[in-house]
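So the chains spell out like this:
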Amino acid sequence: MSAGRIDLALVEAFVLVMKSGSLTKAESLSGVSKATLSRQLTRLEELLGAQLLLRSSRRIAPTEAGRAFFARCEGLLGEVSGRLETARTEVQELTGGVSGRLTLLSDTQFSTSFVCHVVRIFLESHPNVRCQLDVANGAQAPQIGEVDCYVGSAPPDLPDLVAKLLGRLAYGLYASPQYLARHGTPQTPEALAQHRMIAMREPSGPPSPLRLVSQQASGRHVVRTEPAFETNDHWVMKTFCIDGLGIAPLPVFFAGPEVAQGVLVPVLPQWPPEARRLYCAYQRQRYMGQKLRAFVDLMARCVADIGSYNHYVGSTAASSPARRARSAARP
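The paragraphs below set out a description of the structure included in this document. Values in this document were obtained by computation on a predicted structure and should not be read as measured data. (Residues numbered from 1 in each chain as written. Predicted model: local features only at pLDDT ≥ 70, side-chain atom pairs only at ≥ 80, totals over all residues. Heavy atoms only, no water.)

### Considerations on the environment of D160
By the element assignment, D160 lies in the loop between β5 (149-152) and β6 (161-169). Taking the relative accessible area as the measure of exposure, D160 reaches 65% and is therefore exposed. A C-alpha to C-alpha distance of 8.4 Å links D160 and Y282, two positions 122 residues apart in sequence. Discounting chain neighbours no more than four positions away, the residues touching D160 are Y282, Q283 and R284. (Helix = DSSP H or I, 4+ residues; strand = E, 2+ residues; numbered from the N terminus. Buried < 20%, exposed > 50% of the residue type's maximum accessible area, 1.4 Å probe, protein only. Contact = heavy atoms within 4.5 Å.)

### Things to note about the sheet that holds strand β14 (residues 276-283)
If you walk across this open sheet you meet the 5 strands as β4-β3-β5-β14-β6, and the pairing is mixed. Strand pairing shows two members of the sheet lacking a second neighbour, β4 (129-135) and β6, which therefore form its edges. Taken over all neighbouring pairs, the strand axes of this sheet differ in orientation by 20° on average, direction set aside. (Pairing = 2+ DSSP bridges. Axes fitted to C-alpha atoms, helices over the stretch in contact; angles between N-to-C directions.)

### Some thoughts on the sheet that holds strand β13 (residues 265-267)
A sheet is described by the order of its strands in space; here 3 strands give the open sequence β12-β7-β13, paired in antiparallel fashion. What marks the edges here is a single partner per strand, and that holds for β12 (248-251) and β13. Sheet twist, expressed as the mean angle between neighbouring strand axes with direction ignored, is 55°. Bridge count for strand β7 (residues 171-175) against β13 is 3 bridges, and the pairing is antiparallel. Its bridge partner being in β13, Y174 is matched across the sheet by P266. Most of the contacts of helix α7 (residues 234-242) go to β12, to which it runs at about 125°, and overall it touches β7 and β12. This element, helix α8 (residues 252-261), spans β7, β12 and β13 of the sheet and lies at about 105° to β12.

### Observations concerning the packing of helix α1 (residues 8-20) against helix α3 (residues 34-48)
Relative to each other, α1 and α3 sit at 115°, their axes nearing to 9 Å. As summarised for this structure, α1 and α3 are arranged roughly perpendicular, according to the angle between their axes. Judged by the twist between their axes, the crossing of α1 over α3 is left-handed. Residues A9, L10, A13, F14, L16 and V17 of α1 pack against L37, Q40, L41, R43, L44 and L47 of α3. Its residues assigned to classes, the contact of α1 with α3 comprises 10 nonpolar, 1 polar and 1 charged. (Parallel < 35°, antiparallel > 145°, perpendicular 65-115°, else oblique. Left-handed = near helix turned anticlockwise from the far one by under 90°. Nonpolar A, V, L, I, M, F, W, Y, C, P; charged D, E, K, R; others polar.)

### Some points on the packing of aromatic side chains
Note on aromatic pairs: each is described by the distance of the centres and the angle between the planes. For the structure on display, the rule yields 6 aromatic pairs. When the centroid spacing of 5.5 Å and the interplanar angle of 50° are considered together, the rings of F14 and F69 count as tilted. In this pair, F14 is assigned in helix α1 and F69 in helix α4 (residues 64-96), connecting sequence segments 55 residues apart. A single burial state applies to F14 and to F69, both of which are buried. (Phe/Tyr/Trp six-rings, centres within 6.5 Å; stacked < 30°, edge-to-face > 60°.)

Pasting the structure below:
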C-alpha cells in the first residue's frame, strides 16, 4: 500500500461516484467537474494501492475491493457528519448561549408536581429555550426515544438510552381526617388489611404489593391487599385520599402542602413505604448539547430540595358542594 494520508475529500468523491453510478451524474449532483472527480479517484487508488473502480466510456463498476471500501466509507462519513453536527451545536451554544427547543417526557407521578417546576426555573435562566413537556402513556404522547429527556420512577429498557439516577423520593401513607374519623387509625402494618387502600397501577400491570420499612428498627413488612381504588395518576390518588375514600401511599413532598393545611394526615409514620428512585434518560448523543446537560444538572440539584417545588394544595371536602353532598351521604 502506498504511503500517505487519505484526504476525506477523496473518500467523499468515491462515495459520490459509487452512489451516482457515473462521473456525469456525480458532476451534475455535486457541481464538481468530471476531470476533478477522476483525479480524486485516481489519487485515492494510489494511496490505497488497489483499484476501486472499473472505468469504461459508458459506466463505472466497482471492483471487489471497491465494494468492500464503499461499505466502510458510508458508515465512516455518517459518523463524521454526526460528530461535526455535535461540534457545530457546541460551538453555537458557546457563542450564542443555551437556546432552541427542549422536549421532555415525564410519567404521571412527577409531571406537574416536580418536572414543571424545574422547567420554570430553567426557563427563567434560559429565556431563549422553547420547551415541550408531555405526560407519558397518553394517546398523543411521543415515544421516549423521540424526546430529549424522559423523567420517571424507572429507567426505560431501551437501546441507545443512558439512564441517570437523580435521587430517591421518600413516601408516606396518608388519609383524610374524615376517613380516619369513620374507620379509625391503623396502629400496625397488619391493620392496613382492614382498610380501604388507594393504589398506583404500574404501567406493566396491577399494583405492586406495598412494602413498608420500619423507622425504628431494620424490619420490613409487605402489605398485600385488594385495593379499593386503582389509578395511574398521583393527582387522582391524592384527590381520592382527600375525599376520604381510603389510605394512599404518596410522595412526602407531594402530600406536604395538604398535610400542612390539615387536609391530609400521615398514617403509620413509623412505617413509611420504601423510597422510590427518580431517573432521567436520554440518548447519549443528545447529552452532548449544553442545553440538555444544563437541564439534567438542574434536576439533580432540585431533587435535594424537592419539597419546595410543590405548592398546589388540594381542597377539602367542605369547599365543594358536590363533595359536601358525598360526605354527608357516607355512613
